[in-house]
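A closer look at the structure
One letter stands for each residue in the lines below.
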Amino acid sequence: MSEDAEEAEDQEPPKKGGKMLLIVGLVVGLALGGGGAFFFLGSADDGAQAEVAVEPEPVEEEPEPELAYVQINRMPATLLGKDGELLGYVFFDLAIEVEGEEDQSFVSSRVPHLREAFLREFAAAPITRADRPGAIDFDGVKKRLMAQARHVVSGDRIRDIRVVQTVRM
């Protein structure tokens, strides 16, 4: 045992500088490895983002039609009660919806014919609702006016008729 004790005394204790060098080396290695991984993975993500940024070819969409309106103001109609008694008069302001200036010009040139057809239609049948005498049947009036307008103008130039205002007298 004495020999073992002498040998242990002859050996120098390990240096602390070696451990410190090993720790610094590990930290630097981890930092370089993490930086390299970030660099390579980061550049792969940049490529994916570049692919996403590429826009697909635009699909040709039909342009929305340019709508125009022809005004017909002060269209008179009689307002009749349940038993046919005269309740008063109603004046309609109408806007006829068409597509584009060409159709607007065409329909505008036929406004006198449209007014006559609308007056005849108002005189042919009551404009009131059957369930509520004195109340205007706007849906029914609109359908009847559209039928007359398509007959006068012939074709699909008129897209819609809008009742803009009504005034009861």
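This text goes with the structure placed above it.
Residues numbered from 1 in each chain as written. Predicted model: local features only at pLDDT ≥ 70, side-chain atom pairs only at ≥ 80, totals over all residues. Heavy atoms only, no water.

A separate point is the overall build of the chain. Broken down by element type, the chain carries five helices and three strands. Counting from the amino terminus, helix and strand elements in the chain follow one another as α-α-β-β-α-α-α-β. Counting only residues that meet the buried cut, the chain has 24% of its 169 residues in that class. Long-range pairs, those at least 24 residues apart, make up 64% of the contacts in the chain with a sequence separation of at least 6. When the accessible area of the chain is evaluated, it comes to approximately 12,700 Å², of which 56% is carbon and sulfur surface. (Helix = DSSP H or I, 4+ residues; strand = E, 2+ residues; numbered from the N terminus. Buried < 20%, exposed > 50% of the residue type's maximum accessible area, 1.4 Å probe, protein only. Contact = heavy atoms within 4.5 Å. Areas by Shrake-Rupley, 256 points an atom, 1.4 Å probe, with all protein chains shown as cover.)

Its place among the elements puts T128 in the loop between α4 (111-124) and α5 (138-153). The exposure class of T128 is buried, given its relative accessible area of 16%. Apart from the residues lying within four places of it in its own chain, the contact partners of T128 are L79, L80, G134, A135, I136 and D137.

In this section: unusual backbone geometry. Note: most residues except glycine have negative phi, and most peptide bonds are trans. Positive phi outside glycine occurs at R74, with the angle close to 60°. Relative to the assigned elements, R74 resides in strand β1 (residues 67-80).

Okay, α5 next. The end-to-end C-alpha distance of α5 is 22 Å, a good match for the 22 Å that 16 residues give at a rise of 1.5 Å each. Those residues of α5 that sit buried are G140, V141, R144, L145, M146, A149 and V153. (Expected span 1.5 Å × (residues − 1).)

In this section: the pattern of salt bridges. By the definition in use, this model includes nine salt bridges. Residues D160 and K142 are paired through a salt bridge, measuring 3.4 Å at the closest nitrogen-oxygen approach. One end of the pair, D160, is in strand β3 (residues 158-168); the other, K142, is in helix α5, with 18 residues separating them in the sequence. The class for K142 is partly exposed, based on a relative accessible area of 28%. The structure contains a network of salt bridges with shared partners spanning E97, E99, K142, R159, D160 and R162. (Salt bridge = Lys/Arg side-chain N within 4 Å of Asp/Glu carboxyl O.)

Assignment of secondary structure puts R144 in helix α5. Of note is the side chain of R144, whose polar atom sits 3.1 Å from the backbone oxygen of A125. Discounting residues that sit within four places of it in the chain, R144 has contacts with E121, F122, A125, P126 and I127. (Polar contact = N/O pair within 3.5 Å; in protein donor to acceptor, adjacent residues only side chain to side chain.)

Let us now look at the packing of α4 against α5. Taken N-terminus to C-terminus, the directions of α4 and α5 make an angle of 140°; their axes are 9 Å apart at the nearest point. As the angle between them shows, α4 and α5 are arranged oblique. For the pair α4 and α5, the crossing hand works out as right-handed. Between α4 and α5, the residues in contact are H113, L114, A117, F118, E121 and F122 and V141, R144, L145, Q148, A149, V152 and V153, respectively. Per-class residue counts for the contact of α4 with α5 are nine nonpolar, two polar and two charged. (Axes fitted to C-alpha atoms, helices over the stretch in contact; angles between N-to-C directions. Parallel < 35°, antiparallel > 145°, perpendicular 65-115°, else oblique. Left-handed = near helix turned anticlockwise from the far one by under 90°. Nonpolar A, V, L, I, M, F, W, Y, C, P; charged D, E, K, R; others polar.)

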